Amino acid sequence: MEFHIDKTDANARACTIKTAHSTIKTPVFMPVGTAGSVKSLDAYDMMEILKADIILGNTYHLYLRPNDKVIKNLGGLHGFTKYNGSFLTDSGGFQAFSLSDISKADENGVKFKSHIDGSMHYFTPQKTLDIEYNLNSDIMMVLDDLAELPSTKERVNLSVNRTIKWAKESIEYHMRAKTKTAHQNIFAIIQGGTDREFRKKCALELCQMPFDGFAIGGLSVGEENTLMYDTVEFTTAFMPQNKPRYLMGVGTPEDLVENVERGVDMFDCVMPTRNARNGTLFTSFGKINIKGAGFINDNEPIDKECGCYTCKRYSRAYLNHLYRARELAFFRLASLHNLHYYLTLARQMRSAILAGEFAKFKAEFYAKRVCK
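Attention here is on the structure that accompanies the text.

Reading the values: the criteria
Residues numbered from 1 in each chain as written. Predicted model: local features only at pLDDT ≥ 70, side-chain atom pairs only at ≥ 80, totals over all residues. Heavy atoms only, no water. 1 Å grid on protein atoms, 1.4 Å probe; cavity = no way out; pocket = protein on both sides within 12 Å on 5 of 7 lines; lining within 4 Å. Points joined across faces, edges and corners; volume = space filled by probe spheres on them. Helix = DSSP H or I, 4+ residues; strand = E, 2+ residues; numbered from the N terminus. Nonpolar A, V, L, I, M, F, W, Y, C, P; charged D, E, K, R; others polar. Pairing = 2+ DSSP bridges. Axes fitted to C-alpha atoms, helices over the stretch in contact; angles between N-to-C directions. Contact = heavy atoms within 4.5 Å. Phe/Tyr/Trp six-rings, centres within 6.5 Å; stacked < 30°, edge-to-face > 60°. Buried < 20%, exposed > 50% of the residue type's maximum accessible area, 1.4 Å probe, protein only. Lys NZ or Arg CZ within 6 Å of the ring centre and 35° of its normal.

## Describing the layout of surface pockets
Taken as a whole, the largest pocket encloses approximately 930 Å³ of empty space. Together, 36 residues line the largest pocket, and V32, T34, F94, Q95 and V270 are the ones closest to its centre. At the level of elements, β5 (54-58), α5 (93-98) and α11 (271-277) are the ones that each hand at least two residues to the lining of the largest pocket. Looking at the lining of the largest pocket element by element, the count peaks at five residues for α11. Here the lining of the largest pocket is composed, by residue class, of 15 nonpolar, 14 polar and seven charged. Looking at the second largest pocket, its volume works out to about 300 Å³. If you list the elements that add at least two residues to the lining of the second largest pocket, you get α13 (329-354) and α14 (358-371). The leading source of residues in the lining of the second largest pocket is α13, at six residues.

Here's what the structure looks like:
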């Protein structure tokens, strides 16, 4: 991986990340393709229409179905999906958290029951990387232990100690692994809830290890937005300047703007595609719910300022009809619009940073939302 800081504007950064499969300009939003597919979209949509340079896959889900060995035999994620940009694969740590009723962590890893067939499995730091080697992802997240919020100090301390232990085991295993390919990069995940003492401890210990990049995990799980922003701002101060910074699972458009201002480079979230399927569409002036009766005769595009595939071709009335008629085409058209919005927002922030005008961009971003 090559990493270069192109420009800074206060704490906001415009960077370039080069992997074997793409050149990624940051800030960047990574569409989520949990099971090897961004829901309702295919590789052509991602590459030719949205021009997305990196998408996220999930180690836990791909391991269970169709299985990492199947994917390896079919050319890794790139050969299997025909998407030729970069893949980042999450480790499964968040699934252990979100599926806590069917999983249990111990000092060496996470034991879980498959949500598909009830079979039992055990992820260790080494096992997680072996799966990711088979997937042939460009960026591999290591196994971490995520504590819910709010949690006791004892639970957060346990989370941090496990995360550090597993990260050390992961980087040592990766440095000597013979099954990895040369282009695969490895990121560690900083945990610690919203506790500054634990965030600092986790960041300082992990950032001494030779990872290719670092993520902030364990946020956007129910805490107040201002607490999330404060935690990010505090944590980035302990992260290396010369490596990518990734805020996992975040978030709303406002979250992206606020956290770019605080020095974050990379984001992912299911929000644009999940909200699209439920009829909520993002615009430059805020969100609209397209299934409302007020759109039945509305011949305007979703957003007059949007140049996406959907807005250039279809009206609000047509999308309202598709949703109400339960036509599958709605999922694709709505998802294309929402992802275009997120990807364009990231590109606009980059342009503003390069021009030294991020503060102006942020003010205009919020002004539009207040006025409408």
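## Looking at the sheet that holds strand β9 (residues 120-123)
Within the open sheet, the three strands sit side by side as β7-β8-β9. Their pairing is antiparallel. Among the strands making up the open sheet, the edge pair consists of β7 (103-106) and β9. Shown here is a sheet whose adjacent strand axes are inclined to one another by a mean of 15°, direction ignored. Where strand β8 (residues 109-113) meets β9, four bridges bridge the pair, whose relative direction is antiparallel. Bridge pairing links V110 to F123 in β9. The strands touched by helix α7 (residues 153-176) are β7 and β8; relative to β7, the strand with the most contacts, the crossing angle is about 75°.

## A short note on the packing of aromatic side chains
Applying the stated criterion across every chain, the model contains 16 aromatic pairs. An angle of 15° between the planes, with centres 6.2 Å apart, marks the rings of F282 and Y341 as stacked. Here F282, found in strand β15 (residues 280-283), pairs with Y341, found in helix α13; they are 59 residues apart in sequence, far enough to count as distant. Taking relative accessible area as the criterion, Y341 reaches 10% and is therefore assigned buried. Ring geometry for Y341 against Y342: centres 6.0 Å apart, planes inclined by 75°, an arrangement best described as edge-to-face. Comparing Y341 with Y342, the two get one shared label, buried. Members of the aromatic cluster, connected to one another through ring pairs, are F29, F282, Y341 and Y342. Note that R332 overlies the ring of Y309, its terminal NZ or CZ placed 5.1 Å from the centroid.

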